[in-house]
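Okay, here's what each chain looks like letter by letter:
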Amino acid sequence: MTPALCRDCCELTHGADATCLGCGSGWMLRHGELADLEIAHIDCDAFYASVEKRDRPKLKDQPVIVGHPGGRGVVTTACYIARQYGVRSAMPMFKAIELCPRATVIPPDMSKYKRVSHHIREIMRAATPVIEPVSLDEAYLDLSEPHRTAAGPPAEALARVARDVEIEVGITVSIGLAPNKFLAKLASELDKPRGFSVIGQAEARAFLARLAVGKINGVGPAMVQRLEAGGIRTIGDLQHLSPSELLGRFGKFGRRLVHYANGDDDRAVTPDRPTKSISAEDTFSRDTAKVSDLLAEAKRLSVRVAGHLVRNGLAAGTVVVKLKTSQFALLSRHRRLAVPTQKAEVLFEASRPLIEKEADGRAFRLIGIGADRLVPADEADPPDLFGS
Amino acid sequence: MRLLIERSELFRALSHVASVVERRTTIPILSNVLVRADDGHVSFKGTDLEREVIETVPADVTQSGAVTIQAHLLHDIVRKLADGSQITLDGAGGGERLTLTCGHAKFQLPALAADEFPDIGAGEMPHEFEIPAHELRRLIEKARFAISTEETRYYLNGIYLHTTVSAGKPVLRAVATDGHRLAQIEQLAPNGAEGMPGVIVPRKTVNEVHKLLEGSDEDVRVSLSAQRIQFKTEKVTMTSKLIDGTFPDYQRVIPQGNNKIMNVGNAEFANAVDRVATVSTERGRAVKLAIERDKLILSVTNPDGGSATEEIPVDYDADRLEIGFNARYLLDIAGQLESPTVRFFLSDAGSPTTVRDEGDENALYVLMPMRV
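Just so you know, the residues in each chain are numbered from 1, in the order the chain's sequence is written. All chains are assigned letters beginning at A, and all ligands numbers beginning at 1, according to the order in which they are written. In keeping with the predicted nature of the model, local features appear solely for residues at pLDDT of at least 70, side-chain atom pairs appear and are counted solely at 80 or more, and the whole-chain, interface and lining totals rest on all residues. Only heavy atoms go into the side-chain values, all of them from the structure, while hydrogens and water stay out.

> Residues and numbers for the overall build of chain B, please.
Secondary structure elements follow DSSP: runs of H or I of four or more residues count as helices, runs of E of two or more count as strands, with numbering from the N terminus. Scanning chain B from N- to C-terminus turns up 6 helices and 25 strands. Contact between two residues is taken to exist if any of their heavy atoms lie within 4.5 Å; hydrogens are not considered. A separation of at least 24 residues holds for 67% of the contacts in chain B among residues at least 6 apart in sequence. Counting every atom, chain B has about 16,800 Å² of accessible surface; 45% of that belongs to carbon and sulfur. Under the convention used here, a 1.4 Å probe and the Shrake-Rupley method define accessible areas, while residue burial counts only the protein chains that appear.

Quick look at the structure:
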């Protein structure tokens with residue numbers, strides 16, 4: 001059976017049904033490799049424009065252009081409505097206004113976009129700590145074991161990221177899931193906005209064959225000219241050349257062309273910083289104010305975090321509790337451990353008083369347990385005189 | 001309330017009292033010190049609800065009364081006033097404000113009503129003994145480094161003070177442990193101490209008492225019940241709640257049959273540990289001790305930072321042994337030992353090791369080895 005992902009309830013199933021058996025939604029994604037792929041590219045849809053529309057609900061159905069108004073300005077981002085008039089990023093502002101005179105032009109507010117970007121990255125962190133940001137609005141994620149912190153397959157974790165960004169941030173993202181970064185990035189562009197596309201290993205060559213060579217990473221206009229001069233217009237044309245021919249004609253870069261043309265890319269997803277913390281979190285199916293619910297979930301999450309620490313050869317020096325209220329207020333509380341640990345019980349026991357202190361009747365929608373101040377595993381849990 | 005007081009008297013009293021007052025509290029009056037003036041003297045009281053300190057000093061009181069003032073603010077002001085000057089505290093006006101005057105400087109400080117100041121309530125203290133300040137300080141000083149900071153094991157967050165019999169004599173013993181090391185310090189039990197319940201004195205109280213007794217040579221009157229302990233000197237009374245918990249059966253973990261004995265020069269050993277531990281990035285890294293006849297080789301390996309070894313002569317004639325210890329724990333213990341020679345009583349790489357001062361039967365340390 002082909003695996004199917006319901007975009008609404010974020011569950012992966014194997015049924016052939018047109019609608020989700022769980023929630024009845026028809027927003028289903030099917031792909032043979034859906035359950036196996038682990039590298040993702042997440043791209044925010046018309047990021048700056050979406051953020052501005054979010055903050056100005058009146059403009060929801062109006063064309064919006066973000067960019068410095070005035071003769072010499074250029075379009076930074078155009079919303080999807082403005083794009084229908086032909087407005088594109090990097091277009092001179094006077095030309096954009098000519099095409100779409102009734103568009104509202106908003107100067108960019110970079111500090112706001114940074115804050116929103118940071119928030120989105122925090123949501124991604126629930127899926128994996130291995131995040132490579134490309135810019136404020138796009139990032140690669142490595143959801144392979146042992147990195148993945150979310151429970152369940154990568155596709156489900158990604159669907160939840162998309163859903164949580166919509167609910168919490170109020171903008172949409174498009175996701176590409178593939179065997180590597182090159183294909184993941186191409187996939188995220190396929191179904192914008194609010195997309196989720198998969199390019200599997202099986203169809204990679206055929207899919208690439210149709211694309212222009214300029215779609216390859218690092219192939220700029222000059223290279224395109226050089227390739228076209230040699231009669232190479234599509235990636236398919238490259239596929240027909242032998243590796244030795246490409247190497248001979250384009251040197252070291254030729255080797256990269258061979259790899260990309262065949263859908264291969266061994267670049268690792270490199271986080272912008274080393275792993276500084278490991279965490280796991282879960283959203284309750286229904287908001288809860290009960291300490292016992294919070295503690296029961298904290299216990300499960302502690303087991304998951306401990307498992308990650310062990311697999312990564314790390315130990316926690318500090319335990320972090322993250323709670324999100326039903327009003328989406330986020331709070332995080334931490335406690336330094338006397339000695340670093342890899343043990344779920346120790347993580348849980350340290351988190352308990354922090355949780356009990358916050359459980360004052362407020363309802364919570366999410367709880368997370370994190371390990372911070374990570375140290376090598378050999379410093380964890382030294383033998384104890386009292387044997388505990 | 002109106003009084004005149006010498007600056008150094010006021011400053012010393014406030015230093016003692018303010019140190020128990022938390023800098024950040026949720027209850028405003030807990031940030032305050034209670035100032036109470038009576039015939040010829042004034043007392044200052046601070047509390048964090050777990051413990052309270054009252055210090056009484058002579059003052060020229062022209063009008064008795066009481067007022068409470070932000071402790072750290074008052075302390076900071078007095079710190080900046082010239083030594084040797086005379087300070088007037090005037091709490092007239094219904095206790096809403098205190099006016100402090102010193103020479104040409106004048107401060108108006110907001111006050112809170114004295115009758116709302118909390119009292120932790122000493123209750124009845126059926127046990128009482130006197131102990132010279134330097135002896136009590138020694139018990140505390142040599143044991144406190146081993147107190148656990150792990151709040152989940154709250155019953156280890158203090159010093160277990162109790163009486164027992166050691167070598168046929170009644171002793172007053174202080175024990176502290178964090179599960180990785182243990183310190184046991186004792187001395188002949190003072191009169192009246194026998195029969196007292198074993199109590200766990202919280203870490204902060206221990207540290208405050210240690211500070212209060214610095215440089216003092218008077219006798220301290222210690223009174224206690226199962227819930228409270230009180231330390232009283234001529235000027236200062238400190239009352240503290242005790243940790244409500246059961247201290248584990250520590251005697252069980254003190255090894256009895258360790259027969260591999262190593263004698264090593266204390267300073268030489270500590271310096272070598274400190275040197276080889278330099279290559280470890282984390283303070284908690286293990287130092288490996290390879291011990292053979294008359295020779296000890298210390299080594300540390302840090303995968304990212306290289307390695308270090310150092311050999312020092314020792315007095316040892318048992319079987320060769322390799323054992324690892326936390327470098328910091330070794331240095332902590334070495335820092336408490338007073339004689340030139342340290343004695344290690346070892347068994348094997350996985351079992352607790354006892355460390356003693358060669359000339360001091362009253363101090364004993366136990367160390368759990370690390371995996372190396």
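> Run through the pattern of salt bridges, naming residues and quoting values.
Oppositely charged side chains are able to pair whenever their charged atoms sit close together. In what follows, salt bridge is the name for a side-chain nitrogen of Lys or Arg lying within 4 Å of a carboxyl oxygen of Asp or Glu. A complete count under the given rule lists 49 salt bridges over all chains for this structure. Between Arg352(A) and Glu349(A) there is a salt bridge, and its shortest N-O distance comes to 3.3 Å. With Arg352(A) and Glu349(A) both in helix H12 (residues 344-358), this residue pair falls 3 residues apart, about one helical turn. Using a relative accessible area of 27% as the deciding quantity, one classes Arg352(A) as partly exposed. Put simply, Asp76(B) and Arg79(B) hold a salt bridge, and the shortest N to O gap is 3.4 Å. Within this pair, Asp76(B) and its partner Arg79(B) are both found in helix H2 (residues 71-80), separated by 3 residues, close to a single helical turn. In this structure, a network of salt bridges that share partners links the residues Glu52(A), Arg54(A), Asp55(A), Arg56(A) and Lys112(A). Three exposure classes are used, based on accessible area relative to the maximum for each residue type with a 1.4 Å probe and protein chains only: buried under 20%, partly exposed in between, and exposed over 50%.

> A description of the pairing of strand S14 (residues 199-202) of chain B should follow, citing residues and the corresponding values.
Residues and elements named next belong to chain B. Where burial is concerned, the two faces of S14 agree: the one with Val199 and Val201 and the one with Ile200 and Pro202 are both buried. Pairing between strands requires that DSSP locate at least two bridges from one strand to the other. Inspection of the sheet shows strand S11 (residues 158-166) paired to S14 by 4 bridges, in the antiparallel sense. From the neighbouring strand, Tyr160 faces S14, where its bridge partner is Ile200.

> Describe the nonpolar core, naming the residues involved and giving the relevant values.
Throughout this description, the term nonpolar core refers to a set of buried Ala, Val, Leu, Ile, Met, Phe, Trp, Tyr and Cys residues connected via side-chain atoms within 4.5 Å. One finds Phe44(B), Phe269(B), Leu289(B) and Leu298(B) to be the most contacted residues of the largest nonpolar core, which totals 100 residues. In this structure, Leu298(B) is in contact with Phe269(B), Ala272(B), Val273(B), Val276(B), Val287(B), Lys288(B), Leu289(B), Ala308(B), Thr309(B), Glu310(B) and Ile312(B), ignoring residues within four places of it in sequence. Counting 54 residues, the second-largest nonpolar core is a separate cluster that includes Val64(A), Val66(A), Ile123(A) and Val173(A).

> Got a sec to walk through the interface of chain A and chain B? Specific residues and values, please.
Interface size, as often reported, equals the accessible area lost upon joining of the parts. Chain A puts 17 residues into the contact, and the matching count from chain B is 25 residues. Taken as a group, Pro383(A), Leu385(A) and Phe386(A) account for 44% of the area that chain A buries against chain B, more than any other trio of residues on that side. The tally of links from chain A across to chain B stands at 1 salt bridge. Polar contacts here mean pairs of N or O atoms no more than 3.5 Å apart (in protein, one a potential hydrogen donor and the other a potential acceptor; neighbouring residues in sequence count only if both atoms are side-chain atoms). For the interface between chain A and chain B, the tally reads 3 residue pairs in polar contact (both at pLDDT 80 or more). Contributing elements (two or more residues each) for the side of chain A that touches chain B: strand S14 (330-341), H12 and strand S16 (375-376) of chain A. Two parts placed together each lose some accessible area; with a 1.4 Å probe, that loss summed over both constitutes the buried area.

> Quick one: what's the story with the sheet that holds strand S25 (residues 360-367) of chain B, residue by residue and with numbers?
All names here are of chain B. The 8 strands lie next to each other as S14-S11-S12-S13-S25-S24-S23-S18, forming an open sheet whose pairing is antiparallel. The open sheet has two free edges, formed respectively by S14 and strand S18 (260-265), since each of these has just one partner strand. Averaged over all pairs of adjacent strands, the angle between their axes in this sheet comes to 25°, without regard to strand direction. Here strand S23 (residues 341-346) runs beside strand S24 (residues 353-357); their pairing, made up of 4 bridges, is antiparallel. What sits directly across from Val342, in S24, is Asp357. Orientation is described by axes fitted as lines to C-alpha atoms, over the contacting stretch for helices, and by angles from 0 to 180 degrees between their N-to-C directions. Along the sheet, helix H5 (residues 266-276) contacts S18 and S23; its crossing angle with S18, the most-contacted strand, is approximately 90°. In the packing of helix H6 (residues 327-336) onto the sheet, contacts are made with strand S13 (181-188), S23, S24 and S25, and the angle to S25 comes to roughly 175°.

> Run through the pairing of strand S6 (residues 65-70) of chain B, naming residues and quoting values.
All names here are of chain B. Where strand S2 (residues 32-38) and S6 come together, 6 bridges link them in antiparallel fashion. Within S6, the residue paired with Arg36 across the bridge is Ala66. As judged from the 2 bridges shared by S6 and strand S9 (residues 105-112), these two strands associate in the antiparallel manner. If you follow Ile69 over to S9, its bridge partner there is Ala111.

So, to be careful, I would describe these as geometric facts and stop short of saying anything about function.
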